Amino acid sequence: MKNRQVRVRELLQRELGAMIARDHAFPDVLVTINDVELTPDLKHGKVFVGVIGPEHKAQHVVDTLNQRHGEYQTRISRRVVLKHTPRLNLSLIHI
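Nothing here was measured: the structure is a model prediction, and the numbers come from that model.

**Regarding the sheet that holds strand β2 (residues 44–52)**
Right, so step 1: Reading across from one edge, β1-β2-β3 is the order of the three strands in this open sheet, with mixed pairing throughout. The open sheet has two edge strands, β1 (30–38) and β3 (87–93), and neither has a second partner. Across the sheet, the axes of successive neighbouring strands diverge by a mean angle of 25°, strand direction being ignored.
Right, so step 2: The strands that helix α1 (residues 3–23) touches are β1, β2 and β3; relative to β1, the one it contacts most, it runs at about 155°.

So this is what it looks like as structure tokens:
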């Protein structure tokens, strides 16, 4: 993996984690961004979301985050200056 790709992954993980912590209050759960996988051209990415808490609330958290996908995409493009902002897809990872 190239150094630039690693830096972009870490930056996206940090920015998404900060946005979720700042803007969403999910009761009884802790939401973390565990990893971000990017394609080599940095146009697509898969975000692995970890939810610590009751099992039945985990899918609700990911569904809520996916509904706000457009908002996150816009905010990431404003905060992270890249030629192409990666199109992110959020998925649940079981902790």
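There's more to say after this.
**Considerations on the nonpolar core**
Right, so step 1: Ranked by size, the top nonpolar core spans 23 residues in total, and within it Leu12, Leu16, Val31, Val47, Val49 and Leu65 carry the most contacts.
Right, so step 2: Elements with a contribution of two residues or more to this core: α1, β1, β2, α2 (55–67), α3 (69–79) and β3.
Right, so step 3: The leading source of residues in this core is α1, at five residues.
Right, so step 4: Not counting the four nearest positions on each side in its chain, valine 49 is found in contact with Val31, Thr32, Ile33, Leu65, Leu90, Ser91, Leu92 and Ile93.

Calculation criteria
- Residues numbered from 1 in each chain as written.
- Predicted model: local features only at pLDDT ≥ 70, side-chain atom pairs only at ≥ 80, totals over all residues.
- Heavy atoms only, no water.
- Pairing = 2+ DSSP bridges.
- Helix = DSSP H or I, 4+ residues; strand = E, 2+ residues; numbered from the N terminus.
- Axes fitted to C-alpha atoms, helices over the stretch in contact; angles between N-to-C directions.
- Contact = heavy atoms within 4.5 Å.
- Core = buried A, V, L, I, M, F, W, Y, C linked by side-chain atoms within 4.5 Å.
- Buried < 20%, exposed > 50% of the residue type's maximum accessible area, 1.4 Å probe, protein only.

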